[in-house]
Amino acid sequence: MVDSIIEHKLLDGLLKTEVLQLLGFEFNDINSDTWTYYIGKRRRIFLFKCYLYIKFDTSDKVIKIGIK
């Protein structure tokens, strides 16, 4: 699901309030310009915790999304 969100750019241009409606709060600071969401563990060589990172511009719109 997360890969689809990134591939189809479903969050691009959304406001923080719209991201909150879709993904929930998950302990993010409303004033922060980067939010993270835990998406589970992925296996590469070892199991790693993976997070969805969402970066906002100064007008609170999504400008970048990634997985780490």
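Details of the structure are given in the entry above.
Residues numbered from 1 in each chain as written. Predicted model: local features only at pLDDT ≥ 70, side-chain atom pairs only at ≥ 80, totals over all residues. Heavy atoms only, no water.

> Quick question: what am I supposed to make of the packing of aromatic side chains here?
The geometry of an aromatic ring pair is captured by the separation of the ring centres together with the interplanar angle, meaning the angle of the planes. Evaluated as defined, the whole model comprises 2 aromatic pairs. Measuring from ring centre to ring centre gives 5.4 Å for Tyr38 and Tyr51, while their planes differ by 65°; the resulting arrangement is edge-to-face. Pair noted here: Tyr38 is in strand 1 (residues 34–43) and Tyr51 is in strand 2 (residues 47–56), with a separation of 13 residues, a long-range link. When its relative accessible area of 28% is taken as the criterion, Tyr51 is described as partly exposed. Here Lys16 stacks its cationic end above the ring of Phe56, 5.3 Å away from the centre of that ring. When the ring centre of Tyr53 is taken as origin, the NZ or CZ atom of Lys68, which lies over that ring, is 6.0 Å away. (Phe/Tyr/Trp six-rings, centres within 6.5 Å; stacked < 30°, edge-to-face > 60°. Helix = DSSP H or I, 4+ residues; strand = E, 2+ residues; numbered from the N terminus. Buried < 20%, exposed > 50% of the residue type's maximum accessible area, 1.4 Å probe, protein only. Lys NZ or Arg CZ within 6 Å of the ring centre and 35° of its normal.)

> Is there a simple way to explain the sheet that holds strand 1 in this structure?
The strand order 1-2-3 describes an open sheet built from 3 strands, whose pairing is antiparallel. Of all strands in the sheet, those bounded by a partner on one side alone are strand 1 and strand 3 (62–67). Taking the axes of each pair of neighbouring strands and ignoring which way they run, one obtains an average angle of 15° across the sheet. Where strand 1 lies against strand 2, 9 bridges are found, and the strand directions are antiparallel. Within strand 2, the position partnered with Thr36 by the bridge is Tyr53. (Pairing = 2+ DSSP bridges. Axes fitted to C-alpha atoms, helices over the stretch in contact; angles between N-to-C directions.)

> Which parts of the structure should I look at to understand the pattern of salt bridges?
Two side chains carrying opposite charge are able to pair once their charged atoms lie near each other. The final tally for this structure, using the stated rule, is 2 salt bridges. Lys16 serves as the salt-bridge partner of Asp60, at 3.4 Å between the closest nitrogen and oxygen. On the criterion of sequence distance, the pair formed by Asp60 in the loop between strand 2 and strand 3 and Lys16 in helix 2 (residues 16–23) is long-range, its members being 44 residues apart. A relative accessible area of 33% places Asp60 in the partly exposed class. (Salt bridge = Lys/Arg side-chain N within 4 Å of Asp/Glu carboxyl O.)

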